[in-house]
Amino acid sequence: MEGIEPLSIAAQVNNPTMPNQSFCQRVADAAQARPMNLAMTRFGLDGVESVSFGSMLAQIRSIAFRLAQEGIERGDRVAIIGENHPRWAITYLGILFRGAVVTPLDPAASASTLAAFLGDAEAKLAFISPAAVEKFTAACDHLGRSIPAVAMQPTSENDGLASFADWSTTATTAEFDASPLPAQPDDLALLMYTSGTTGKPKAVPLTHGNIFAQSDKIQEVMHLSDREVILSLLPLFHAYSQIVNLWLATIIGARVVYLSAVGSAEVERGLKESGATVLVGVPRLWYLFHHKIFDAVQAAPWFKRNLFRRLLSLNGFLRDVLGLNAGRIFFPPVHRTFGGKLRLAVSAGASFDRSVAIDFHRLGFTILQGYGLTETSGAATLTRFEDNLVGSVGTPLNGVEVKIDEPNDAGIGEVFIRGPIVTPGYYHNPEANQEAFTEDRWFRSGDLGHFDRAGHLFIVGRKKDVIVLPSGKNVFPEDVEAQYERSPYVSELCVLGVKDESADFAGAEKLMAVVVPNFEHLKLQQRTNTREWVVWELENLGRELPEYQRVHDFILRAEPLPRTATRKVRRFELREQIMKIGTRGTDPSKTPAADFTPADRAATDSPAGRALAKAIRLQAPETEVIHPVMNLEIDLGLDSLARAECLASIEQALGVEFKPAEITSALTVGEWIALAQTAQPSTVKSADGKPALDFDWHDVLNGDISGIPEVQGISKPKPFTTLAAFLILKLFNFCSRFLFRLEVENIEVLDKLEPPYLICPNHQSFVDPVFVCSTYPHPVLKNIFHVGASQYFQGPITSRLARMINIVPIDPDVNLRRALRAGAATLRQGKILNIYPEGQRSFDGEMLEFRNGAAILATELDLPIVPVALDGAYRIWPRNSRRIRLAKLKIKFGEPINARALADDKTDEVPSYETVTAAVKESIQQMLDEMRSPS
């Protein structure tokens, strides 16, 4: 057999004998039995087109006949390069009917990659889509020879390509129609080029016997009927997609629905209008559905959220204990989202998060999970309807052997597979065959897994992807990723092992995660500081993992992760990218400098665009290109303060003021420019009453800062409220000395100060403000005020509470300029500002990065800062916990820091707020060290 090494020929001989009936004959029999039934439908922008089984079979035979006329012999390779379409499927089947070998290639591959594959396969003909014509021509130029081609859809140019319409309507002869199909079980049917997550792609040949065995074994588990409507979302050039959409659907007479695009709107339309009963996808698809469903639940009123959770638990009980499924009755809106008829889903290609699988099970959906590779014709294991164990990839298909090689103490080892579904051997690659197959023809999968006592297989990761930590522990990245991907703030995430320079032995690695945020969810939740919120969420989830599995280094990036056709991350490629560009996450060599459209130029050249560019370059002087598509935090590297100062700079320069709701929806340069162009004029002017050309915090805080409604009520005396709060806090303080063994040091420092001034504690817990304020004497408490995130004080009760206890509800993350102006206005009234420079709570008591807000206020208003060290609160009410514990608490007040003197103590003229911030942090750290000292 041409192109297969002796090792592979022997493998074919040793394969179990296949039935005389062939896959192609089954396709013909199914089509002849139901000629009027619809075989394929495509939903496109230009409408809906359908093909019946009778028409499909006629076109398949015409293509097979035409291939013979054009000199394509049995065993010749014929390439298909194009997007999912009924004509793609008909072409594929026509090539098989001829006895030729289908070589499906990724239309998104580069011209050089296509050239390498076409050359390696020795392709004699290609069927291509119009979108692939230019790339195919370039590939032929790379090869140095032309390959005859057929256009699967009409092209816009007269490019000399043959027409699919002509080929598919070629009249056949009676002799051809009556002759038996030429392909035999051991003949090659497919030459699949694996996408390769860990190295160079390989050519995997599959025989007609492999296809027959795979479709036969899958049908024994799934029991599909000719009434099924199967929605096809995955690319057809991959074996996983072909199993159900091409092999199984055509031999049972089911209808397959293709989409012209796979965006959320198109998928929703396909599900609803097609009446899909079966959906095949990768886990990531189900994660997106899950986020959408549970985001909607979270946004619902409390009563509906509570009812949803109770029904979810009830249906889980009904399914698990009684075998009843009331999902469509309990959750009709959810099921209508999937078209209302979806009864079965199949997920494979990667590990499936257990909690997500359980949620879909309780919602009333049946999701079967499978495991396999291109080398095993797709699936080697599959969960059964009667034994659908969540988290497992099922049990081996009938007639397929799976074993664990050299299991460790936990039963984990490499998964070996043997049976009629396994490839006869890699094409033109004896070295790979030697590595992949044992002498007794077991295929080494490269995946690590284990069986439970009932024989269910669990996959824990790729053998080559195992990360070895300095402790010697092994980490399987897919397990860790499944935990972190639970966050709705994450769109994509990949855990890598990178060299640990601090390790004591060579080869040790540490964990690093590359994260693509879910920007739409961030906007929905009105989160502006992407990096802080995403890392915050991931750290919370990480606390549920063992210490050695927690990730502490996160790299955020805006561009999607490099993936294979089945959505597996190309880890080796991603690791190389990170090694090249470092922790910033964005490749500076890939700036869109040459991709400016006239609209982009108009935006960046506008007054708002120029003001934003100037503000960005003040914060990031190394920035060369500023494009509207760039994300300010991820692509341009602006941290939360730099982003807030850019925003304040634009407001000051243009004389406008942004609304908080508008700010949270703008994450890119283009969105900020559009926002600035439509912003309302500011009611706050600089000292001379005109917008300032250059941003300066002195001008912002010393100009007209009247008219801020959030501070209007703070200056009014509240003797009764203050006295009541003072008595309650003192009672709390008294109880804390017994319950939490509260110790307070150096509180007398406050007696030496006259308002206004700032008090800056470190932040460990939600209860920090209560503990700290309970220590204040009455003169301090009656003048204290706080700046708090507005999201917590929007309701009628909480907003009233904010007024009572002197909270200014302005989120500094959303509108730093307005928050600092409000703080300055209140301080000028002789008040005392209680502010937490970290902005968020610590997990373990170690201080986080300090922000400059307090330093800016104290420097520009020439006020002292009182640093406060608080320790133990993180044990009393830990972050990401609802439980309050008894633990010792210490609070120590430091000596006041003269901010103006520190900021001015340098050579240049610009105040150094960083110097003041560093001094405050250093003072608190010193007090923490003293408090924690055994002496």
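This one's a predicted model, so the numbers in the text were calculated from it and none came from an experiment.

Peer 1: Got a sec to walk through the packing of aromatic side chains? Specific residues and values, please.
Peer 2: Two descriptors summarise a pair of aromatic rings, namely the distance from one centre to the other and the angle between the planes of the rings. Enumeration over the complete set of coordinates arrives at 21 aromatic pairs. Centre to centre, the rings of Tyr 484 and Phe 554 are 6.0 Å apart; their planes meet at 80°, and the pair counts as edge-to-face. Taken together, the positions of Tyr 484 in helix H18 (residues 477-484) and Phe 554 in strand S25 (residues 553-556) put the pair 70 residues apart, joining distant regions of the chain. Judged by its relative accessible area of 0%, Tyr 484 is buried. Of the residues examined, Phe 554 reaches a relative accessible area of 13% and is grouped as buried. The residue whose ring lies beneath Lys 202 is Tyr 426, and the NZ or CZ to ring-centre distance is 5.5 Å. Geometry around Phe 437 places Arg 441 over its ring, the cationic atom sitting 4.0 Å from the centre.

Peer 1: Go over the sheet that holds strand S20 (residues 457-462) with me, naming the residues and quoting the values.
Peer 2: The strand order across the open sheet built from four strands is S17-S18-S19-S20, with neighbouring strands paired in antiparallel fashion. Of all the strands in the sheet, the pair left with one neighbour each is strand S17 (401-405) and S20. Within this sheet the neighbouring strands show an average axis-to-axis angle of 45°, counted without direction. Examined bridge by bridge, strand S19 (residues 443-451) and S20 share five bridges and lie antiparallel to one another. Counted as the bridge partner of Asp 447 is Arg 462 from S20.

Peer 1: Let's hear about a nonpolar patch on the surface: which residues, and what values?
Peer 2: Together, Leu 314, Phe 317, Val 321, Leu 322 and Leu 324 make up an exposed nonpolar region whose accessible area comes to about 480 Å². In this structure, Leu 314 sits in helix H13 (residues 302-322).

Peer 1: Break down the nonpolar core for me, citing the residues and quoting the values.
Peer 2: In terms of nonpolar packing, the biggest core is built from 90 residues, with Met 56, Tyr 92 and Phe 127 touching the most fellow members. Top element by residues in this core is helix H10 (residues 239-252). It accounts for 10 residues. Among all residues touching Tyr 92, those that are not within four sequence positions of it are Ile 80, Val 102, Leu 190, Ile 211, Gln 242, Leu 246 and Trp 247.

Peer 1: Describe the pattern of salt bridges, naming the residues involved and giving the relevant values.
Peer 2: Once their charged atoms are close, side chains differing in charge can pair, the charge on each being opposite to the other. With the rule as written, the count across this model stands at 28 salt bridges. Residue Glu 481 is joined to Arg 571 by a salt bridge in which the shortest nitrogen-to-oxygen separation is 2.8 Å. With Glu 481 in helix H18 and Arg 571 in helix H21 (residues 571-581), this residue pair connects regions lying 90 residues apart in the sequence. Of the two residues examined, Glu 481 and Arg 571, each falls in the buried class. Put simply, Arg 563 and Glu 492 hold a salt bridge, and the shortest N to O gap is 2.6 Å. You can see Arg 563 sitting in the loop between S25 and H21 and its partner Glu 492 sitting in strand S23 (residues 490-499), a full 71 residues away along the chain. Judged by its relative accessible area of 15%, Arg 563 is buried. Looking at Glu 492, the relative accessible area reads 6%, which means it is buried. When salt bridges that share partners are traced, they join Arg 66, Glu 70 and Asp 166 into one network.

Peer 1: Give a description of the packing of H13 against helix H16 (residues 354-363) that names residues and reports values.
Peer 2: Between two packed helices, what matters for the description is the angle formed by their axes and the separation of those axes. Between H13 and H16, the shortest axis-to-axis distance is 7 Å and the interhelical angle comes to 85°. Relative to H16, the element H13 lies roughly perpendicular. Two secondary-structure elements touch here, H13 through Phe 308, Leu 312, Asn 315, Gly 316, Arg 319 and Asp 320 and H16 through Asp 359, His 361, Arg 362 and Leu 363. When grouped by side-chain class, the residues that make up the contact of H13 with H16 number three nonpolar, three polar and four charged.

Peer 1: Can you tell me about the packing of helix H3 (residues 53-69) against helix H4 (residues 86-98), naming the residues and giving the values?
Peer 2: Contact geometry of H3 with H4 gives a least axis separation of 8 Å together with a crossing angle of 55°. What the angle tells us is that H3 and H4 run oblique. Remark: the crossing between H3 and H4 carries right-handed chirality. Only Ile 90, Thr 91, Leu 93, Gly 94, Ile 95, Phe 97 and Arg 98 of H4 make contact with H3, whose side of the interface consists of Met 56, Leu 57, Gln 59, Ile 60, Ile 63, Ala 64, Leu 67 and Ala 68. Residues belonging to the contact of H3 with H4 are distributed by class as follows: 11 nonpolar, three polar and one charged.

Peer 1: Lay out the environment of Val 780 with the relevant residues and their values.
Peer 2: Following the sequence through the fold, Val 780 ends up in helix H30 (residues 778-781). A relative accessible area of 5% places Val 780 in the buried class. Val 780 sits 52 residues away from Ile 832 along the chain, and the two C-alpha atoms are 7.4 Å apart. For Val 780, the residues in contact, after removing those within four places along its chain, are Leu 750, Tyr 757, Ile 759 and Ile 832.

Peer 1: Lay out helix H23 (residues 607-619) with the relevant residues and their values.
Peer 2: Taking 1.5 Å per residue, 13 residues should reach 18 Å; H23 reaches 19 Å between its end C-alpha atoms and fits that length. For H23, every residue scored as buried is listed here: Ala 608, Gly 609, Ala 611, Leu 612, Ala 613, Ala 615 and Ile 616.

Peer 1: Tell me what's going on with unusual backbone geometry, and back it up with residues and numbers.
Peer 2: Here the amide bond leading from Pro 755 into Pro 756 is cis, since omega sits at 5°, within 30 degrees of zero. Here Pro 756 is to be found in the loop between strand S28 (743-745) and strand S29 (757-761). Positioned with a positive phi, Ser 377 is a non-glycine residue whose angle comes to about 60°. Along the chain, Ser 377 turns up in the loop between strand S14 (367-371) and strand S15 (381-382).

Rules used throughout
Residues numbered from 1 in each chain as written. Predicted model: local features only at pLDDT ≥ 70, side-chain atom pairs only at ≥ 80, totals over all residues. Heavy atoms only, no water. Phe/Tyr/Trp six-rings, centres within 6.5 Å; stacked < 30°, edge-to-face > 60°. Helix = DSSP H or I, 4+ residues; strand = E, 2+ residues; numbered from the N terminus. Buried < 20%, exposed > 50% of the residue type's maximum accessible area, 1.4 Å probe, protein only. Lys NZ or Arg CZ within 6 Å of the ring centre and 35° of its normal. Pairing = 2+ DSSP bridges. Axes fitted to C-alpha atoms, helices over the stretch in contact; angles between N-to-C directions. Patch = residues over 30% accessible without salt bridge, like charges linked within 9 Å, V, L, I, M, F, W, Y side chains within 5 Å. Areas by Shrake-Rupley, 256 points an atom, 1.4 Å probe, with all protein chains shown as cover. Salt bridge = Lys/Arg side-chain N within 4 Å of Asp/Glu carboxyl O. Core = buried A, V, L, I, M, F, W, Y, C linked by side-chain atoms within 4.5 Å. Contact = heavy atoms within 4.5 Å. Parallel < 35°, antiparallel > 145°, perpendicular 65-115°, else oblique. Nonpolar A, V, L, I, M, F, W, Y, C, P; charged D, E, K, R; others polar. Left-handed = near helix turned anticlockwise from the far one by under 90°. Expected span 1.5 Å × (residues − 1).

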